[in-house]
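Read off the chains here:
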Amino acid sequence: MRKLYIPIIAVFCVIIAGCASVHSFADISITDERNLAQKLIEDDFSAFSQFSKQFFSQRVSESFIPDKASFLNELENSFFTALPIDMSFSLDKVLVKGNKLAATFTWQKKVSLRVSNDLILKEGMGEMVYIKENNKWLIYQVREDSLFTF
Amino acid sequence: MLRKLCIFLTVLILSCFDSVFSAEVYYFGSANQNSTEPGRAYTFKERLDDLTDFSSGRSLSERSGKISGSILIQAEYDKVLGNKSKSFLRTGWDYLSEINLNLQEKLWSDYSLEGQLMMRKTDNPRIEVRSDLRVKEYSLKISNPDNLFIFGDFYGELSPFTLGSSLEGHSGEIKLNPTSEIKYVLARKSSADIAAGIYQRNVFGFKVDTFLFKESEIVSNARIGVQAVTNQDDSSTAGATSSFVDLRNSVFSVDGDISFVRFFSLNYEVARSIYLADEDSETIKDQSYGSAAHLAAQFQVNQTILRHVFNYAQPDFYTDSGSSSRDRIQHQLTLDHRFNQQLSVSLMENYYWDHLSKSTLSKRTINDEKSVSLNILPLSQRETFRTRVYSSYNLRDSDDIINSLESRTFTAGFSVNDKYQDADIGFSYEYRAFTSQADKSLSDYFNRIGMTLAREYSLLQKRLYLSLNPALDIRRTKNDSNHDLNISISFSGQYDLAANIIIRFGHNLIDSNSAKADNGYSNNRSFAEVDWTIGKNKNRHLVLRGDINRYSHEDGALSYKERQAVIKYILNF
C-alpha cells in the first residue's frame, strides 16, 4: 500500500498543475509560514556571524524567556570563542499560534576556534520560537540544541 | 492515518471531473443557496466544488473552503574534494520531495476548520535519517473567535514557567464567559526512541485565566491565571530496558498582569516544581521540590521608562516543558529616556548570582553588568543620518578565597548610518577587552571594524540590487604580541533580468591570518541562482543554483573544496 502513495501523489500534482492554470491564490498559509521561518533563521545566523551584542539585541524580544541578558551573554561568549564559518539547516515543523511562530529544524554548522583556528563541525536539532511585536518577528525562546552556542 | 490520506486524495482526484456528481444528496442546515451572509449553509456538492476549485481565484470569503499548498521536487549533486572529514556533504546525488497542504473550511455557525499536512521524502542524510515517506507535520484546528481545538502538532503554551514547547496531541482553549478562559493540553513532547534510550514523554496541563476590572478606566489588562503541567515518561514502551530514564516533573504556578492607565504595569509568576529524574533509579529515590518567581514592573512618565525585572529560581526548581534559569537570583534595572527628537539614552544594570541554598555548585559566581547607549540624530533636518554610541562593563567574581573566576569585560563602540543617493551606508567600530584576572592567558582584546553598503541600480532598464559588508577583526592576547587578523567580506546581489526571471548571486570570504605560524586559512563561498517563474499565474518556479565552497588552510592537508548543483521545481496552488 505504501508503494502506491508516490504515484498517487504524483497524479494529484499533475492534476493540480493542470487545474491551476488561470489564477494563483493570495493566502498560501503553510507555505508562507515555512518561507518566513526559513528567512528568519537565515537572517539571524547571518547577523550572528558578525555578532555585536548591541545590534543583535534588536533581534531579541524584551520578553525573551528565561532571560534576554543571559542569552545575549551566552551568544557573545560563543562568538568570541569560535568564529562561525558556515551553516545549513532544514525545517521540520513550523507551528504558528497567535503571535508566536515555533520552528524546529536540523542544522549543521562549522566554526573556527579563535585560539587554535581549528575547524569544528557541529550539528543538532533546534527549536526557535519567534514573537511578533510591532510588526517584527523577534526571537522569544531557544530550545533544544542552540544554533548559536558553541 | 496515511491510508486515510490516500483515500482522501483518491476522492479528490476523482472529484476534479464534474460529471461524477450529478445530483445534490446532503446539505447542512437550511439551504439558502443564494445567500452570502456568515453562517450560510453549503451543500455537500458546493463544498466539494469549492475545495477542488483551483482556477477561479475566489477568496475564502466567497466560498465554503479551499485547499492550498505547495509541492517541491529537488535534485542535488554534491562533490567533495580534499579533506572530506571537514565536510557534511558526500559526493553523489540527493533527491528531495515535499508537499505542503492547507485545508480551510467553514463549518456551522461561526466555526471554521483548518488542516495542515507536510510530508517529505528524501535520501539526503543531512535532512532525514530515514529515506521513506515521512509525515513531518500535521494538524487539525476547529475554532471560532472564542474557542480553539487543535489535534496534531501545535505550540503549547500556558505560562513561561510551566509550558512553552512544540507538542503533538490535543489542546483546547475555551472562553467560558467574558471574564474567564480555560486552556488544557493532552499531548506528548517526544515519541519513544528505543535506540536513543528515551521513553515517550507525555505532557498534561491545565490553565484558568480570570480577567478583572474590565469596565475600569484606571486599570487595564488585569489578569490572574492558575496553571499546572505534568511531564511523565511512559515506561510501558515496548523494548525499553532498565537503562532508560523515567522522568516525572510537575510544575504549578500563579501568574498575572496588571496595568494602571499608562504609568505602571506589572507582570509576575510564582511557581513550585516537583521533580524526579528517574522513577526507576536505585540511587535517586526522593523527589526534589523547588520554587521560582519572576516579577517585571514598568513605570512610564512622559519620555522616561523605568523597568525592574526580578528573577528567582532555587537549585531544585526544574521545568521540563517551560523555561527557567536554575540556582539564580537576578535584579535588572533599565532606564530609557528620550530628551528630544534627536537624543535618547538607555541605561542598564544587571546583577545576578548563583549558589543559593542547597546548590550543588562549589562556589558562588557574582555577575555585575552595566551598559549605556546613546541614539543620536546629529542633524535634525537629516533623519536618515543616525549615530549610536554604546559602552558596557561586566564584572564577574567568585566567592572562593582566590576569586578564581574573576574577570572583566569592557566593550565600547559606535555606529553611523545614512542614506545617500539611494544608497544605504553604514560604518561601525567596536573595542572589546576581556581580562581574566585568575588566568591571564585567557585574556584577549578585539578591535572590530565593519561597513555596510547597499544600493539599487538600473542596468539595461532592469533592477539591480547590490550589497557589500566588509569587516575586520584584530585580536590580541596577553601571551603573544602578534595579532590575529580576520577579514570577512560578504557580497550579494539580485538582478531582475525579466518579469519572470530573477538572478541572485553572492560571495562570502573569511580570511584568517593567525599569529601562530602555519595556522591561517581562508574560506570562499560563492553561489549563483536563476529563479524562473513559469506560467501566467506565476505559481510555478524552476530554480537552478550552483554553490562552490573552498576552504584553504596553510596546512594543505586540511583544505577541501565543495561543489553543489541544485535543480528545484516548486508549485504553489
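Residues numbered from 1 in each chain as written. Chains lettered and ligands numbered in written order. Predicted model: local features only at pLDDT ≥ 70, side-chain atom pairs only at ≥ 80, totals over all residues. Heavy atoms only, no water.

**Thoughts on the packing of aromatic side chains**
The relation between two aromatic rings is expressed through the spacing of the ring centres and the mutual angle of the planes. Counted under the stated rule, the structure contains 28 aromatic pairs over all chains. A ring pair is formed by F64 of chain A and F71 of chain A, whose centres lie 4.4 Å apart and whose planes are at 20 degrees; its orientation type is stacked. Like F64 of chain A, the residue F71 of chain A is buried in the burial classification. Ring geometry for W93 of chain B versus Y95 of chain B: centroids 6.3 Å apart, planes at 10 degrees, classification stacked. One aromatic cluster is present, formed by F45, F48, F51, F56, F64, F71, F79, F80 and F148 of chain A together with F446 of chain B through successive ring pairs. For K100 of chain A, the ring lying beneath its charged end belongs to Y140 of chain A, and the centroid distance is 4.8 Å. Of note, R114 of chain A hangs over the ring of F79 of chain A, and the distance from its end group to the ring centre comes to 4.8 Å. (Phe/Tyr/Trp six-rings, centres within 6.5 Å; stacked < 30°, edge-to-face > 60°. Buried < 20%, exposed > 50% of the residue type's maximum accessible area, 1.4 Å probe, protein only. Lys NZ or Arg CZ within 6 Å of the ring centre and 35° of its normal.)

**Some remarks on the sheet that holds strand β1 (residues 82–97) of chain A**
Residue and element names in this part refer to chain A. Reading across the sheet, the four strands line up as β1-β2-β3-β4 and stay open at both edges, with antiparallel pairing between neighbours. Each edge of the open sheet is held by one strand with a lone partner, namely β1 and β4 (136–144). Ignoring which end each strand starts from, the neighbouring axes of this sheet average 30 degrees apart. Sheet topology places strand β2 (residues 100–113) next to strand β3 (residues 119–133); 13 bridges connect them, and they run antiparallel. Note on β3: the bridge partner recorded for K110 is L121. (Pairing = 2+ DSSP bridges. Helix = DSSP H or I, 4+ residues; strand = E, 2+ residues; numbered from the N terminus. Axes fitted to C-alpha atoms, helices over the stretch in contact; angles between N-to-C directions.)

**Regarding the nonpolar core**
Among the nonpolar cores identified, the biggest contains 35 residues, and I41, F48, F56, F71, L91, F105 and I139 of chain A are the most heavily contacted of them. Listing elements by their share of this core, those giving two or more residues are α2 (29–49), α4 (68–81), β1, β2 and β3 of chain A. Among all residues touching L91 of chain A, those that are not within four sequence positions of it are R34, A37, Q38, I41, A103, T104 and F105 of chain A together with R120 of chain B. Counting 11 residues, the second largest nonpolar core, distinct from the first, contains L51, F54, L117 and L133 of chain B. (Core = buried A, V, L, I, M, F, W, Y, C linked by side-chain atoms within 4.5 Å. Contact = heavy atoms within 4.5 Å.)

**Some thoughts on the confidence of the model for chain B**
All names here are of chain B. When pLDDT is averaged along chain B, the result is 89, and 92% of the positions lie at 70 or above. Of the regions scoring below 50 in pLDDT, residues 1–37 engages in 48 contacts with residues more than four places distant in sequence or in other chains. Both scores are given for the predicted complex: the pTM is 0.88, the ipTM 0.88. (pLDDT = per-residue confidence, 0-100.)

**Looking at the pattern of salt bridges**
A side chain of one charge can pair with a side chain of the opposite charge when the charged atoms of the two come close. Under the defined criterion, the tally for this structure stands at 54 salt bridges over all chains. In this structure, E173 of chain B and K97 of chain A form a salt bridge, with 2.6 Å as the shortest nitrogen-oxygen distance. With one member in each of two chains, E173 of chain B in strand β6 (residues 163–177) and K97 of chain A in strand β1 form a pair that bridges those chains. K97 of chain A sits in the buried class, given a relative accessible area of 17%. Note that D233 of chain B is salt-bridged to R201 of chain B, the shortest N-O span being 2.7 Å. With D233 of chain B in strand β9 (residues 219–234) and R201 of chain B in strand β8 (residues 200–212), the pair connects residues that are 32 residues apart, well separated along the chain. Of the residues examined, D233 of chain B reaches a relative accessible area of 3% and is grouped as buried. The exposure class of R201 of chain B is buried, given its relative accessible area of 15%. (Salt bridge = Lys/Arg side-chain N within 4 Å of Asp/Glu carboxyl O.)

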